[in-house]
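Structural overview
Each chain is listed here by its residues.
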Amino acid sequence: MNIRKRVAADNPVLLEIWHRSVRVTHTFLSAQDIDALYPQVRDLYLPAVEIWVCEDEAGQIAGFIGTHEAQVEMLFVDPAWFGRGAGSKLLDHASALRAKLTVDVNEQNPQAHGFYRHYGFEEVGRSPVDAAGRPFPLIHMALRD
């Protein structure tokens, strides 16, 4: 697998990976929630962060990570690539670029929470609502030294 910086032509593929991944992992969101988030991810979130993509030998994108400074703002892997190392490879790359990574993970997404814990993140706090004030609690995590 190769890690490279995102180019504008990647954005439609990244948006579809986000959509497929969220439908599988964010079971606490309704279809209406996901539909409402879709244009926000496309128009606001993807353009606002530094994005690196993980692609296979054929150039197919398996997943991507978006960071703002040391904060992991998004990490999404195509469900077809779950458990095959793409997420860890993306975190390895981001942690090589930044001193100490942090991430906020939805409390209602135990798969992601477990992934980050397994990678070496530890819980450092909790918020009862997400950044938009919705009732989706967040667990604040930081990569152990």
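Residues numbered from 1 in each chain as written. Predicted model: local features only at pLDDT ≥ 70, side-chain atom pairs only at ≥ 80, totals over all residues. Heavy atoms only, no water.

**Re the pattern of salt bridges**
Stated precisely, the cut-off is as follows: We count a salt bridge whenever a side-chain nitrogen from Lys or Arg sits within 4 Å of a carboxyl oxygen from Asp or Glu. Only protein chains enter the calculation, and the probe is 1.4 Å; a residue is then buried if its accessible area is under 20% of its type maximum, exposed if over 50%, and partly exposed in between.
One pass over the structure, following the stated rule, counts nine salt bridges. Salt-bridge contacts for Asp10 lead to Arg4; the nearest nitrogen and oxygen are separated by 2.7 Å. Accessibility expressed as a relative area gives 22% for Arg4, which makes it partly exposed. The residue Arg126 makes a salt bridge to Glu107 at a minimum N-O spacing of 2.6 Å.

**Things to note about the pairing of strand S5 (residues 102-106)**
Rules: Note: two strands are recorded as paired if DSSP finds a minimum of 2 bridges between them. We count a stretch as a helix when DSSP gives it H or I for four or more residues in a row; a strand needs E for two or more, and each element gets its number in order from the N terminus. With its strands directed away from the observer, a crossover is right-handed exactly when the path from the first strand over the helix to the second travels clockwise.
As paired elements, strand S4 (residues 71-77) and S5 share two bridges and run parallel to each other. Note on S5: the bridge partner recorded for Gln71 is Thr102. Taking the sense of rotation as the criterion, the β-α-β connection linking S4, helix H3 (residues 86-97) and S5 turns out right-handed. Inspection of the sheet shows S5 paired to strand S7 (residues 138-143) by five bridges, in the antiparallel sense. When the sheet's bridge partners are listed, Val105 is paired in S7 with Ile139.

**Quick look at the sheet that holds S7**
To keep things clear, this is the line we draw: Every angle, taken between N-to-C directions, lies between 0 and 180 degrees, and every axis is a line fitted to C-alpha atoms, over only the stretch in contact when it is a helix. Two residues qualify as a contact provided that any one of their heavy atoms is within 4.5 Å of a heavy atom in the partner residue.
Strands sit in the order S1-S2-S3-S4-S5-S7-S6 across an open sheet of seven strands; the sheet is mixed. A strand with exactly one partner marks an edge of an open sheet, and here the two such strands are strand S1 (2-5) and strand S6 (121-127). When the angles between neighbouring strand axes are averaged without regard to direction, this sheet yields 30°. Across six bridges, the pairing between strand S3 (residues 61-68) and S4 is antiparallel. The residue bridging Gly66 from the neighbouring strand is Met74, located in S4. Relative to the sheet, helix H1 (residues 11-25) contacts strand S2 (50-55), S3 and S4, its axis offset from that of S3 by approximately 95°.

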